[in-house]
Each structure stands twice: as structure tokens, then as C-alpha cells.
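Structure assessment
Chain by chain, the residues run as shown.
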2 protein chains.
Amino acid sequence: MAAEVATKLRAEIVEGVLAPNERITQGAVAERLEVSRLPVREALQQLAGEGLVSLERDVGARVTPLDPKDLIETYIVREALEPVLTESAARRIDAEQLAALRAINDESEVCAEREDIDGYLAVDRRLHGGIFAVADLPRVQAVITGTFATAERYRRAFSILPHRLETSVVEHRMILDAIERGAAEDAGELHRIHIRRTRLTLSEHPELFSRGGDDG
Amino acid sequence: MAAEVATKLRAEIVEGVLAPNERITQGAVAERLEVSRLPVREALQQLAGEGLVSLERDVGARVTPLDPKDLIETYIVREALEPVLTESAARRIDAEQLAALRAINDESEVCAEREDIDGYLAVDRRLHGGIFAVADLPRVQAVITGTFATAERYRRAFSILPHRLETSVVEHRMILDAIERGAAEDAGELHRIHIRRTRLTLSEHPELFSRGGDDG
DNA sequence: ATCGCTGGGATTAGATCCAATCTGTGAGCT
DNA sequence: AGCTCACAGATTGGATCTAATCCCAGCGAT
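Residues numbered from 1 in each chain as written. Chains lettered and ligands numbered in written order. Predicted model: local features only at pLDDT ≥ 70, side-chain atom pairs only at ≥ 80, totals over all residues. Heavy atoms only, no water.

Moving on: the overall build of chain A. The helix and strand tally for chain A stands at 10 helices and three strands. The N-to-C order of helical and strand elements in chain A reads α-β-α-α-β-β-α-α-α-α-α-α-α. Rg of the C-alpha trace for chain A: 18 Å, near the compact-globule value of 17 Å for 216 residues, within the 12% margin. Overall, the C-alpha framework of chain A stretches about 55 × 35 × 30 Å when taken along its three principal axes. (Helix = DSSP H or I, 4+ residues; strand = E, 2+ residues; numbered from the N terminus. Rg over C-alpha atoms; globule rule 2.2 N^0.38 Å.)

On to the interface of chain B and chain A, then. On the chain A side, the residues contacting the 24 residues of chain B number 24 residues. Summed over both partners, the interface of chain B with chain A comes to about 2000 Å²; 55% of that surface belongs to carbon and sulfur atoms. In this structure, the salt-bridge partner of Glu42(A) is Arg41(B), at a minimum N-O distance of 3.3 Å. One can count 16 residue pairs in polar contact (both at pLDDT 80 or more) joining chain B with chain A. Listing elements by their share of the side of chain B that touches chain A, those giving two or more residues are α3 (37-49), α4 (68-92) and α7 (138-158) of chain B. (Contact = heavy atoms within 4.5 Å. Buried area = accessible area lost by both parts, 1.4 Å probe. Salt bridge = Lys/Arg side-chain N within 4 Å of Asp/Glu carboxyl O. Polar contact = N/O pair within 3.5 Å; in protein donor to acceptor, adjacent residues only side chain to side chain.)

A few words on the domain arrangement of chain A. Residue and element names in this part refer to chain A. When its domains are assigned, chain A resolves into domain 1 (2-63) and domain 2 (68-208). A C-alpha centroid distance of 27 Å is found between domain 1 and domain 2. Facing the nine residues of domain 1 at the interface are six residues of domain 2. In total, about 600 Å² of surface goes out of reach between domain 1 and domain 2, with carbon and sulfur atoms giving 57% of it. When the area that domain 1 buries against domain 2 is broken down by residue, the three leading residues are Val14, Glu50 and Leu52, summing to 67%. One can count zero salt bridges joining domain 1 with domain 2. Viewed at the interface, domain 2 and domain 1 are joined by one residue pair in polar contact (both at pLDDT 80 or more). The dominant element in the side of domain 1 that touches domain 2, judged by the number of residues it contributes, is helix α1 (residues 2-14), at three residues. (Domains from an automatic or database assignment.)

All names here are of chain A. This model, assessed by the stated rule, comprises two aromatic pairs over all chains. Seen from their ring centres, phenylalanine 132 and phenylalanine 148 are 6.1 Å apart, and the 80° between their planes marks the pair as edge-to-face. Separated by 16 residues along the polypeptide, phenylalanine 132 in helix α6 (residues 117-135) and phenylalanine 148 in helix α7 (residues 138-158) bring together distant segments of the chain. Taking NZ or CZ as reference, arginine 78 lies 5.2 Å from the ring centre of phenylalanine 148, over its face. (Phe/Tyr/Trp six-rings, centres within 6.5 Å; stacked < 30°, edge-to-face > 60°. Lys NZ or Arg CZ within 6 Å of the ring centre and 35° of its normal.)

A separate point is the pairing of strand β2 (residues 53-56) of chain B. All names here are of chain B. Direction of pairing for β2 relative to strand β3 (residues 60-63): antiparallel, over a ladder of four bridges. Its bridge partner lying in β3, serine 54 is registered against arginine 62. Linkage of β2 to β3, two consecutive antiparallel strands, is achieved through a turn of three residues, within which aspartate 58 is found at a positive phi near 65°. (Pairing = 2+ DSSP bridges.)

Residues and elements named next belong to chain A. Relative to each other, helix α2 (residues 26-33) and helix α3 (residues 37-49) sit at 115°, their axes nearing to 8 Å. The crossing of α2 and α3 is right-handed. Only Arg37, Val40, Arg41 and Leu44 of α3 make contact with α2, whose side of the interface consists of Gln26, Gly27, Val29 and Ala30. Looking at side-chain class alone, the contact of α2 with α3 contains four nonpolar, two polar and two charged residues. (Axes fitted to C-alpha atoms, helices over the stretch in contact; angles between N-to-C directions. Left-handed = near helix turned anticlockwise from the far one by under 90°. Nonpolar A, V, L, I, M, F, W, Y, C, P; charged D, E, K, R; others polar.)

Moving on: the protein's contact with DNA strand C. Taken together, the neighbourhood of DNA strand C is formed by 15 residues, with Met1(A), Ser36(A), Thr25(B), Arg37(B) and Arg41(B) sitting nearest. Put simply, 73% of the atoms of DNA strand C that lie within 4 Å of the protein are in sugar or phosphate. At 3.0 Å, a backbone N or O of Met1(A) approaches a phosphate oxygen of DNA strand C. Within the contact set of DNA strand C, a phosphate oxygen lies 3.2 Å away from a backbone nitrogen or oxygen of Gln26(B). When contributions to the surface near DNA strand C are tallied by element, the ones reaching two or more residues are α3 of chain A together with α3 of chain B. Taken together, the residues that form the surface near DNA strand C break down as six nonpolar, four polar and five charged. (Near = heavy atom within 4 Å.)

Time to look at the environment of Val29(A). All names here are of chain A. Relative to the helices and strands, valine 29 is located in helix α2. Once the C-alpha coordinates of valine 29 and valine 5 are considered, the two residues, 24 residues apart in sequence, prove to be 8.7 Å apart. Dropping the residues within four chain positions of it, valine 29 is found in contact with Val5, Leu9, Ile24 and Val40.

Here chain B sits on chain A after a turn of 180° about the axis and a move of 0.0 Å along it, with an RMSD of 0.0 Å. Here the transformation between the copies is reduced to the relation of a two-fold axis. Minimal C-alpha distance to the rotation axis in chain B is attained by Ala80(B), lying at 2.7 Å. In this assembly the copies share their binding face: 100% of the residues contributing to the interface of chain B also contribute to that of chain A. (Least-squares fit on C-alpha atoms with pLDDT ≥ 70 in both.)

Before going further, it helps to spend a moment on the nonpolar core. With 66 residues, the main nonpolar core has Leu81(A), Val140(A), Ile179(A), Leu81(B), Val140(B) and Ile179(B) as its most contacted residues. Apart from the residues within four sequence positions on either side, Val140(A) is in contact with Leu81(A), Leu85(A), Glu73(B), Ile76(B) and Val77(B). (Core = buried A, V, L, I, M, F, W, Y, C linked by side-chain atoms within 4.5 Å. Buried < 20%, exposed > 50% of the residue type's maximum accessible area, 1.4 Å probe, protein only.)

Have a look at this one:
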């Protein structure tokens, strides 16, 4: 039950339903989701571990604000770890798994053409998830997935910028090509570059952080 | 309160007081530490996040067993992220901070000479913690410190092997030297090698994992 | 004799209750 | 008028209570 509450709150934070710096009281959430305060409490601790909310003893939780320094740190973690998974996946993948990843990437191209940001981000999650599953490094994967929601908060603001989805699609295809030809290190390096480019582009747009200074 | 319980349980797992695969019941811990079961529950969730215990719904927690694959994953995370912190620290450090790190490393040499494993590991933690503090990347640091307890479980078994402490001391001094001469990338690379060597040496001794198959 | 099933004890998950702490408003003082 | 302090309401953290689930011993059937 705590898990469901965490999932719901996570989505609300990522989607901006809960604004940065907004206070989250256990009682309000409990009433809204029709559960007791206990699962809410546990969910908030989980989200605090992911950095989505900040907890202060005897005060409560508030939505962690977006800020450039935090963005950089989140992407440092992804940049250091995701290539490891991609490289491992490239060494282990079989034809069937590769075909499945190709299919997912094809879907993402459709979303990109339609400028369907929500759809694209969802498919993108599945693509990365598919690669991670093949890599079979659950512990490393857990660290990365822990940063996903935060990363998506930044990307969601970022994707509003025009013409970025196509760039992403091309980079994904390059990674899959490298995996297909068995160039594990290349695949990892391409993934690393992909993440770094995303981070640098995001960093160039500090105006994305200004809104959301909402202080209840 | 939950934090204190987590700290205590973490120490007991690392020190082997709680054996691998041993079941941890909320009630028993609550009674032993003279708190209610609620903080124990929260502590166990925290420890599950660090991978020290495995939770199963409606069943409870048990101490995660040591195993070679998990060791590799833990060290992959450290190898990818700690050099980033070291490099950042090298770029930001001032003379006073450097002197403090030198002092800590001197302490570690004393422990190494005395073959004082517990003392050495404690000082080692302080050294790494000191470097991390200078790096000023709290989010990255949080990920690494989350892996620390697990890494220490393996190291603790490892340090029983003779003559390893001295190697470690030398490597630490090399890292500090690189930091002192402002060679940030060298410092990071040396740190990476330091971690990788530790991991490889550990992997060469699978017998360290055999004990602890204790299934309460 | 071994396997499967049932019932009781143990254990966890969730709800409710209570005490301690914080926040914020408003009165009183300078 | 502005600041300080105190009190009341709100909120969290911890304890206790209840229901659901699991584990396991013991019994019966094959």
C-alpha cells in the first residue's frame, strides 16, 4: 500500500501537480488517497531517498525544488552508471531481445514525429528499462532507477524546447546499432555522450528552473 | 529514533552479529532496543534500500547474504562514482583541508602497522568522508555512502588476508599526492584503480563468501 | 512411511490513539 | 508602528491495537 502511495505521489511531483517547495502533509495525502497516515509516511521516506522530497524532523516534507546544481549531480550519476549497464547489455543480448528494443525505438520515433512528449518519455523509459533488464545488474540498476524520477522532472521541462526529440531518437538508434554489431564499449560510450549532451543542453537553459519558486 | 535503530542494525549486520540469511523480526528488535515496532519497521526499510536486508511482503526481513555477484555490483557503483568525487575534491581543496586529510592518512598508517583492522577501517571511512565533503556533491555522495555498509561487509572479510592494509595506505598516499599537486584527473584515476584493485583481489577469494550460508 | 491438509501460533501491514513539537496569529510592550 | 512573546491549532513521531497473512506442527489419508 505504501508502494502505491509512493507511485502516486512520485507521478504528481514529476508532473508538477505538486509544485516545487510545496509542503506535503501526511494527513492531507492520507485523506485524499483514503488510506491511513502510516503508508503515506513510508512513501514519503521512500521519495526522500530518491531526492524528490526533503524531510525535516517534526516539520514534514516538501517537494524538492529544481535547481541547476542538483540537475548536474543527477546527471553525473546517470552518466557514470548507465554506460556500464549498456555495455553489459551489449555483451549479453540475444537476437530476440535486440528485436524487442528495436521495436520500442520504432515506437519512440512515432511519438517524436507527433511531438507527443508524454508518450515519448514513456516509451523512452521502456527502452532504457529494456536495456537495463538485459544488463542483469540489479543493484546498479536500482541506483539509476532511483534517479529516474528526478531526471524526468528536468527532462519534462526540457522537452518543451523544440526539436529535441529527434536528436534523442537518432542517438538511441546509434546506441542500438552499436549493440547490434557487438561493439559493447562503443555502445557504452555513445550512451555516455547521449546523457552528457542532454545534461549540457539542460544546463544552458537556466530559465527552466526559475518558475516553481512557489513557496506555499 | 528510526535512524538510531537503523544505525545499530547496520553495525550489527556489518560486524556479523546478525548472520547472513538470518531472519530479523520487528518484535525481537523492538524489545531488544526498547522501542516500539514502528521505528524498527522504518529502519528495516532504510536498510533494504541499502541492500543490507531483503524484505518480503507479509514475511519480513532477512540479512542479505554475501555473494560474489553482489560484490562486483557494489564495487562497480563505487568505481564509477568515487573518482568523480575525488576529482571534484582535488579541484576545490585548500591547504587546510589537505593538511587535515594528510593527518587522517597518517593515523591510518599507524593502524596498518598495528594490524588494527577495525581501527583502520574506521579511519579509512573518515578519509573517504573527508574527501567527499570537499567535493561538495551531496547527491552523488549519498549514493556512495548508501553502498558503504555493503562494501564494508566484504572488506571486513577481506582485510583478514595478510598485508593488504599497507597496499591500501600506499594507494591512499598516491591519491593525496595527486590532489596536492593539483592533478585532479590523476587523483580520480588513482582512486578508480584503488577501488578496482580491491574488487579484483576480493573476487579472487571466493572462499570468503562460503561461510555465512547460515539459514536460521 | 510419505505426502497433503488443516488449525493454531507467530508475524507483518495497516488503522487508530496519544504525546511532543512546530507554525502562525494576535495581544501586549517599547 | 514595530517587535516580542505567548498561546492555540496543526502536524509530526511514536505507541498501541486489530486484521490479514504466513509458517509450521500434527493429524489423517493413501
